[in-house]
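# Coordinate inspection notes
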Amino acid sequence: MKYAYYPGCASDSTARDQHVSCTAVARALGIDLAEIAGWTCCGTTPAHQTDRVLAASLPAANLVRARKMGLDIVVTCAACYSMLKMANYEVLHHPKVREQVSEALGQDYDGSVRVRHFVEVLLEDVEIDRIRKALKHSLNGLKVACYYGCLLVRPPEVNQFDDPENPMSLDRLVTAMGGESLDWPHKVECCGGALSLTRTDVVVKLSDAVLTMARAAGADCVAVACPMCQINLDLRQSDIKKETGKDHNLPIIYITQLLGLCLGIAADELGLEKLMVSPESVVKRLT
Amino acid sequence: MTIRIKKDKTAHGLLRTVEKMADVDLNVCFQCKKCDSGCPVSNLTGAPPSEIIRRLHLGAGNELLASDLVWMCVSCETCFARCPMGIDIPSVIDALRALAVEQRTPAPEGNMPLFNRAFLKTVEIFGRTYDLGMIAAHKIGTKTYMKDAEKFPVMLKKRKIALLPPRGADRKMAKRVFDSVRRNKENQK
C-alpha cells in the first residue's frame, strides 16, 4: 500500500498535528506515504476567488509529480483535497482549461491521477476489519460528533466522497474504535472556513452554531478531518465565549489523533499538545 | 419583494460576462430559493444567492459588484450541491469577485481581496504559503494590528504558526504558473 503523499501547507503550521498523527497512523497500519518532492501550494480559496486557470494549475503542478511516481495521491486537508479533485475535473471536462494548464506547467496533464483523502484510504484500502484488529485501546463509549464541513463532501459530482448530506465515513471509524458516533444535524454545515482572518465575526457566528448543536447532541468532543474546520472550531471558542458568553469547552480532535490513541501511539507523537481546547477528557476515557 | 435595477445610459448588464466566466446558464434558474435556504450567510447578507441571480437576469451592472455576498460567501458549495438545476453558483460568485477586483470596487469589510493578494504572493515567492508574511501584509493593509494579538504567542509556542518561510517547494514551478496566468490575462485584454 504505497501512495504519493501531499501534506499541504497547513502541515507546516496550523495543522502540524494532523500531519504528524496521519503519518504515525500510516506507519502503524503499514501504509507507505511517500512525500511528493518539491510539492507546491494548491492555491485554495484565494486561487479560485482570483482566477480559474490559476485554481486548476496550482494543484495540477502536484498531480503531474504524482503521475511521474505512478501512484494515487493522498491528502489529509479537505481544502487541498477539493482543489486537487477540482483540477482533475476541470482538465477532464474543459479542453480550453486543459490547454491553459498545460501551458502554465510546461507539460500536458490529462487528469488521470486518482486523488484520495486519507480517510478513504483507511476505509477502502486498509478496511475497517484490519483497523479493528490493530486497535489496542477503546474509546469506551465516548460520544463523538463527527464533523465533515464543506470541502470533503461538496460539490458531490466532483468530490464523490460519501453521501453529501449525511456522510458516515468518520462515524464508521469512531464506531470501530468503540466510540458512540452521534446523529446530529450539523455534520456538513460550514464553520466559516476561509473567512477566519478577514470576517472573524462571521466565523464566530457559524462556528458557534456548529458547536452549540454538537453540545445539544451530547458530544464529549468533535472529530474532524480538515485543518480549517479544526482551527475555526478550536481557536474561536475563546472568541465565542467573549461574544456570546457560551463556554463550549469541546475538544476538536483530528480523526487521525483519535485513531492514533486507539492504536497505542504516544500522545506527543500525535501532536495532541497543539490543540487549543485540551483533549485531556478524551484521553482519560480510553481503556 | 420588489427588486429595482439601475438602468441609465451607462448601465452595462453583467449577465453574459458572468455566464461566460463561470461557464453557467443562468436562464435555467426558476427562483426556487433552495440556495438561500442552505446558505450559511443568507441571514447575514443584504442579497442572498437567488437575488444575485435575479438581479443579473434583470440586467444589473457593476453596482452588483458591491453586494456584500460577493465577499461574505464562504464558498461552502452548499447552494451548488442542492440546486435542482445544477447551477454552479459558487463559480458565479467567483466571477463577480474577479470582476470586482478588475473594476477596483471599494474594498469590502475585512478586505478579502487584500488577503487573497497577500496569500498568493507568498505562494508565488516561496511555492507554499507563509502565514506570518501573509498575516502581516493583511494587518498592515487593514490596520487591524491588535486583532487576535493575544493568540499569537500561544500559536507560536505550539508551532501553529511557523516563524520561518517554508522550504522544499519547487519555487520555479510556482513562479512559472503565476507568470503564465498573468500573461494569459494580458493577452485577453
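Please refer to the structure placed before this passage.
Anyway, here's the lowdown on the structure attached to this text.

### Topic: the overall build of chain B
Broken down by element type, chain B carries 10 helices and zero strands. Overall, chain B shows an N-to-C arrangement of helices and strands of α-α-α-α-α-α-α-α-α-α. Considered along the principal axes of its C-alpha atoms, chain B spans approximately 55 × 40 × 35 Å. In chain B, the share of contacts with a sequence separation of at least 24, taken over all contacts with a separation of at least 6, comes to 68%.

### Looking at the overall build of chain A
Helices and strands together make up the secondary structure of chain A, namely 14 helices and eight strands. Scaling as 2.2 N^0.38, a compact globule of 287 residues should have a C-alpha radius of gyration of about 19 Å, and chain A matches this with 19 Å. Along the longest, intermediate and shortest principal axes, the C-alpha atoms of chain A span 55 × 45 × 30 Å. Put simply, chain A has 287 residues, and 62% of those count as buried. Long-range contacts, defined here as pairs at least 24 residues apart, represent 79% of the contacts in chain A between residues at least 6 apart.

### Some points on the interface of chain B and chain A
Listed as interface residues are 46 residues of chain B and, on the opposing side, 45 residues of chain A. Among the elements of the structure, helix H5 (78-82), helix H6 (89-102), helix H7 (112-126), helix H8 (131-142) and helix H10 (171-188) of chain B are those that each provide at least two residues to the side of chain B that touches chain A. If one sorts the elements of the side of chain B that touches chain A by residue count, H10 of chain B sits on top with seven residues. A breakdown of the residues in the side of chain B that touches chain A according to their chemical character gives 23 nonpolar, 11 polar and 12 charged.

### Some remarks on helix H11 (residues 227-235) of chain A
Residue and element names in this part refer to chain A. For H11, the tally of buried residues reaches nine of nine residues, placing the bulk of the element in the interior. Every buried residue of H11 is listed here: Pro 227, Met 228, Cys 229, Gln 230, Ile 231, Asn 232, Leu 233, Asp 234 and Leu 235. Check the buried side of H11 and you find it contacts helix H1 (16-29), helix H4 (78-93), helix H10 (200-216), strand E7 (221-224), helix H12 (237-244) and strand E8 (252-254).

### Thoughts on the pairing of strand E2 (residues 32-35) of chain A
Sheet topology note: the strand E1 (residues 2-6) of chain A/E2 of chain A ladder contains four bridges and is parallel. Following the sheet pairing, Tyr 5 of chain A is matched in E2 of chain A by Glu 35 of chain A.

### Points about the environment of Ala 169 of chain B
Residues and elements named next belong to chain B. In this structure, Ala 169 sits in the loop between helix H9 (152-157) and H10. For Ala 169, a count of 22 C-beta atoms within 10 Å puts it in the buried group. On a C-alpha basis, the gap between Ala 169 and Ser 37 in space is 42 Å, while along the polypeptide they are 132 residues apart.

### As for the sheet that holds E7 of chain A
Hydrogen bonds between backbone atoms are what pair the strands of a sheet, whose relative direction is either parallel or antiparallel. Overall, parallel pairing links the four strands, which are arranged E6-E5-E7-E8 (chain A) in an open sheet. Edge positions in the sheet fall to strand E6 (180-181) and E8 of chain A, since each of these pairs with one other strand and no more.

### Brief notes about the sheet that holds E1 of chain A
All names here are of chain A. The strand order across the open sheet formed by four strands is E2-E1-E3-E4, and the pairing between neighbours is parallel. Each end of this open sheet is capped by a strand with a single partner; those strands are E2 and strand E4 (115-117). Each strand axis lies, on average, 40° off the axis of its neighbour in the sheet, ignoring direction. In this structure, E1 lies alongside strand E3 (residues 73-75), joined through three bridges in parallel fashion. Within the sheet, the bridge partner assigned to Ala 4 lies in E3 and is Ile 73.

### So, the nonpolar core
Counting 158 residues, the largest nonpolar core has Val 222 and Ala 223 of chain A as the members making the most contacts within it. Each residue touching Ala 223 of chain A, except ones within four places of it in the same chain, is listed here: Val 144, Cys 146, Tyr 147, Leu 170, Val 174, Ile 253, Ile 255 and Leu 258 of chain A.

### Considerations on the pairing of strand E5 (residues 143-146) of chain A
When E5 of chain A meets E6 of chain A, the two strands line up parallel, connected through two bridges. Paired with Val 144 of chain A across the two strands is Ser 181 of chain A, which belongs to E6 of chain A.

### Comments concerning unusual backbone geometry
Residue and element names in this part refer to chain A. Cis geometry marks the peptide bond from Arg 154 to Pro 155, where omega comes out at -10°. Mapped onto the secondary structure, Pro 155 falls in the loop between E5 and helix H8 (156-159). Notably, Asn 140 is not glycine yet its phi reads approximately 55°, a positive angle. Assignment of secondary structure puts Asn 140 in the loop between helix H7 (128-134) and E5. Judged by the 13 C-beta atoms lying within 10 Å of it, Asn 140 is partly exposed. A positive phi angle, near 60°, is found at Asp 162, a position not held by glycine.

Analysis parameters
- Residues numbered from 1 in each chain as written.
- Chains lettered and ligands numbered in written order.
- Predicted model: local features only at pLDDT ≥ 70, side-chain atom pairs only at ≥ 80, totals over all residues.
- Helix = DSSP H or I, 4+ residues; strand = E, 2+ residues; numbered from the N terminus.
- Contact = placed C-beta atoms within 7 Å.
- Rg over C-alpha atoms; globule rule 2.2 N^0.38 Å.
- Buried ≥ 20, exposed ≤ 12 C-beta atoms within 10 Å, placed from the backbone.
- Nonpolar A, V, L, I, M, F, W, Y, C, P; charged D, E, K, R; others polar.
- Pairing = 2+ DSSP bridges.
- Axes fitted to C-alpha atoms, helices over the stretch in contact; angles between N-to-C directions.
- Core = buried A, V, L, I, M, F, W, Y, C linked by C-beta atoms within 7 Å.

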